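Structural characterization, general
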Amino acid sequence: IPWWAAGLSIFGTQLSAITFMAIPATAYGDDWVRITLNLAIAVVLPVVALCYLPFFRRTGVSTAYEYLERRFDRSVRQVASGLFVLFQLGRMGIVLYLPSIALATVTGLDVVLCIVLMGALATAYTVMGGIEAVIWTDVVQVVVLVGGVLLSVGTIVTTVGGPGEFLRVAHAAGKFEVVEDTSRPPEDKSLPSPASATRSERPAVDTRIAVPPWLGRNALWLMVVGGLFLALAPYTSDQTVVQRYMTTPDEASAARSLWLNFWMTVPTALAFFGFGTALYVFYATNPEAVRPQKLDWVVPWFVVTQLPPGVAGLVIAGVFAAAMSSLDSSMNSVATAIVNDFVEPGGQSGRKAEQANPASRLRLARWLTVLLGVVGTGVAVALAKSEIEYLLDAYMGVVGLFGGALAGLFAVAVFTTRTHTTGACVGLVGGTLLTAPVRWTTQVNGFLHGAIGFATCVLVALAVSRLTRGEPRDLTGLTVHTNSSER
């Protein structure tokens, strides 16, 4: 795969339909303080390109977790891969369901029809073309997605009186602020809700343990630290991203794909936050326009009620494209992980089996992809038939438990030589178990959960490895301290 196509695919995989609607909704209802999360990638990517990428490329692994077997043993590989598979199974249903419910609400389409259309189409081309089809469809989907956002922003700015008026209204409302003052109560920068809006059924009182504002509010330091670890996790431990590194001709091409992803992320973040601010300006200057009942519906609602038909169709296609680009990546990477990490694991003890019958492995991967498509679509349909408000909150809380700890596991694998198998396993479990009570019993900002899981995993793994004895292993070419300069 050309490096530029792989880079666009990485970008498209990370930008789901949830993000497509959530980022503008956040900027519409608040300000730009969360944009720091997107800019943290500038710090993370050089570390990934220099310190992680060589081990994925030079060791010839088939999955990110095969590297963990070579560094530790097969048990660590399969535990990490199993966590990834479980996470992706739930994620597939969520990325299908949420955009479908919003689209169905504002367009009149049946929600099940939206789910089945996206699930069936993504499954079909993923089965037929594998990772190559996934990457090339991601390229087209990214073009549609970004094009729809830019057209929407341009249309709004023209409607409200040009760039000058747009900037004046947004600046007067404080919509461009990127540093939140935690010494004063939070401001509500959103427009008044329409009279027909319904209030959430959640309890009005938060019973979790209170924390100082600088730990609970979106302080600048918290956005920086949280953003670093939110970016580190997918680029170092997520098979959906790491798999793209393997598809380029060489290591240099893989590095270039990462940098293209960076140069796409920064301006696109500005475009998405600008889209949300433009939506605010539009409704502020057009008070007669009917606003959506829920904040998360603001993008599809505006699209179908205010944009010209051609532009509206493109943006709605962008929502579908964003959902499918995440779904196809999940299906393909999970099938790859199951085949390579569990059914016929390669690596030090299984490489001969991997080379013995590639045709049977390919058939198995295709059938697994079909099964995963059915499961993901079925989960989304089941969610559509049930009340998911609290279930979704619970699921997203559980997701935060694993990302940081898994990233910490890869960090101790790459950057330490004394960490052994027992320490790695205890560190992974410890990072997850400590993050759980923080998530469920305290008001610590959710953006810090990844950092807490990462730090706990690393510290526990180092401590346990120092206090216990592990089996000696040949680490040549497996850590930054024992890496060979030869490629």
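Every value quoted in this text rests on a predicted model; they were computed, and no experiment measured them.

**As for the nonpolar core**
Ranked by internal contacts, the top residues of the largest apolar core, which has 129 residues, are Phe20, Tyr67, Leu68, Tyr245 and Leu409. Excluding its chain neighbours within four sequence positions, the residues that come into contact with phenylalanine 20 are Leu145, Val149, Phe272, Val299, Val315, Gly318, Val319 and Ala322. By size, the runner-up hydrophobic cluster in this structure holds eight residues, among which are Met223, Val438, Val444 and Leu448.

**Quick look at the environment of serine 253**
By secondary structure assignment, the location of serine 253 is in helix H12 (residues 251-285). Between the alpha carbons of serine 253 and tryptophan 4 there is a distance of 8.5 Å; along the sequence they are 249 residues apart. Aside from chain neighbours lying at most four places away, what touches serine 253 is Trp3 and Thr248. Within the structure, the side chain of serine 253 is placed 3.2 Å from the side chain of arginine 256, a separation counted as a polar contact.

**Some words on helix H1 (residues 3-14)**
Owing to its 3.6 residues per turn, the α-helix aligns residues three or four sequence positions apart on the same side. Taking 1.5 Å as the rise per residue, H1 with twelve residues should run 16 Å; its terminal C-alpha atoms sit 17 Å apart, in good agreement. Of the positions making up H1, those classed as buried are Ala5, Ala6, Gly7, Leu8, Ser9, Ile10, Phe11, Gly12 and Thr13. Considering only its buried residues, H1 is in contact with helix H6 (74-107), helix H7 (111-159), helix H10 (220-237), helix H11 (239-245), H12 and helix H14 (309-343).

**Concerning the packing of aromatic side chains**
A full pass over the atoms with the stated rule returns 18 aromatic pairs. Judged by centre distance (5.7 Å) and plane angle (80°), the ring pair of tyrosine 52 and phenylalanine 415 falls under edge-to-face. Here tyrosine 52, found in helix H4 (residues 41-58), pairs with phenylalanine 415, found in helix H17 (residues 389-415); they are 363 residues apart in sequence, far enough to count as distant. On the basis of relative accessibility, which here comes to 2%, the residue tyrosine 52 falls in the buried class. Put simply, the rings of Phe55, Phe56, Tyr65, Tyr67, Phe84, Tyr245 and Phe410 pair up and form one aromatic cluster. We note lysine 175 situated over the ring of tyrosine 280; from NZ or CZ to the ring centre the distance is 4.3 Å.

**Quick notes on a nonpolar patch on the surface**
Taken together, the side chains of Val178, Val179, Leu220 and Val224 present a nonpolar region at the surface, about 280 Å² in accessible area. Relative to the assigned elements, leucine 220 resides in helix H10. You can call leucine 220 partly exposed: its relative accessible area is 37%.

**Some points on the packing of H7 against helix H16 (residues 358-384)**
Taken N-terminus to C-terminus, the directions of H7 and H16 make an angle of 170°; their axes are 9 Å apart at the nearest point. Relative to H16, H7 is oriented roughly antiparallel. Contacts between H7 and H16 involve Val111, Val112, Ile115, Val116, Gly119, Thr123, Thr126, Val127 and Met128 from the former and Arg366, Thr369, Val370, Gly373, Thr377, Ala380, Val381 and Ala384 from the latter.

**Some words on the pattern of salt bridges**
Taken as a whole and assessed by the stated rule, the structure comprises nine salt bridges. Where arginine 70 meets glutamate 66, a salt bridge forms, and the shortest distance between an N and an O atom there is 3.0 Å. Within this pair, arginine 70 and its partner glutamate 66 are both found in helix H5 (residues 64-71), separated by four residues, close to a single helical turn. Accessibility assignment for this pair places arginine 70 and glutamate 66 in one class, buried.

**Some details on the confidence of the model for the protein chain**
Of all residues in the protein chain, 87% attain a pLDDT of 70 or more, and the chain-wide mean is 82. Element-level mean pLDDT values for the protein chain span from 50 in helix H15 (residues 351-356) up to 92 in H5. In the model, residues 198-203 has pLDDT below 50 throughout and makes seven contacts with residues more than four positions away in sequence or in other chains. Contacts from residues 389-394, a stretch scored under 50 in pLDDT, to residues over four places away or in other chains number 13 contacts.

**Some details on H6**
In this model H6 runs 49 Å from its N-terminal to its C-terminal C-alpha over 34 residues, within 8% of the 50 Å that 1.5 Å per residue would give. Among the residues trailing H6, glycine 108 stands out with phi positive, at a value near 90°.

**What about the side chain of asparagine 286?**
With respect to the element layout, asparagine 286 can be found in the loop between H12 and helix H13 (298-306). At a separation of 2.8 Å, a polar atom in the side chain of asparagine 286 contacts the main-chain carbonyl oxygen of phenylalanine 282. In this structure the side chain of asparagine 286 is engaged in a polar contact, spanning 3.2 Å, whose partner is the side chain of threonine 285.

**Some details on the packing of H5 against H6**
Axis separation between H5 and H6 bottoms out at 7 Å; the angle between their running directions is 155°. The angle between H5 and H6 places the two elements in the roughly antiparallel class. The hand of the H5/H6 crossing is right-handed. When H5 is examined against H6, the residues Tyr65, Glu66, Leu68 and Glu69 are found in contact with a partner set consisting of Arg74, Val76, Arg77, Ala80, Ser81 and Phe84. A per-class count over the contact of H5 with H6 returns five nonpolar, one polar and four charged.

Parameters and conventions
Residues numbered from 1 in each chain as written. Predicted model: local features only at pLDDT ≥ 70, side-chain atom pairs only at ≥ 80, totals over all residues. Heavy atoms only, no water. Core = buried A, V, L, I, M, F, W, Y, C linked by side-chain atoms within 4.5 Å. Buried < 20%, exposed > 50% of the residue type's maximum accessible area, 1.4 Å probe, protein only. Contact = heavy atoms within 4.5 Å. Helix = DSSP H or I, 4+ residues; strand = E, 2+ residues; numbered from the N terminus. Polar contact = N/O pair within 3.5 Å; in protein donor to acceptor, adjacent residues only side chain to side chain. Expected span 1.5 Å × (residues − 1). Phe/Tyr/Trp six-rings, centres within 6.5 Å; stacked < 30°, edge-to-face > 60°. Lys NZ or Arg CZ within 6 Å of the ring centre and 35° of its normal. Patch = residues over 30% accessible without salt bridge, like charges linked within 9 Å, V, L, I, M, F, W, Y side chains within 5 Å. Areas by Shrake-Rupley, 256 points an atom, 1.4 Å probe, with all protein chains shown as cover. Salt bridge = Lys/Arg side-chain N within 4 Å of Asp/Glu carboxyl O. Axes fitted to C-alpha atoms, helices over the stretch in contact; angles between N-to-C directions. Parallel < 35°, antiparallel > 145°, perpendicular 65-115°, else oblique. pLDDT = per-residue confidence, 0-100. Left-handed = near helix turned anticlockwise from the far one by under 90°. Nonpolar A, V, L, I, M, F, W, Y, C, P; charged D, E, K, R; others polar.

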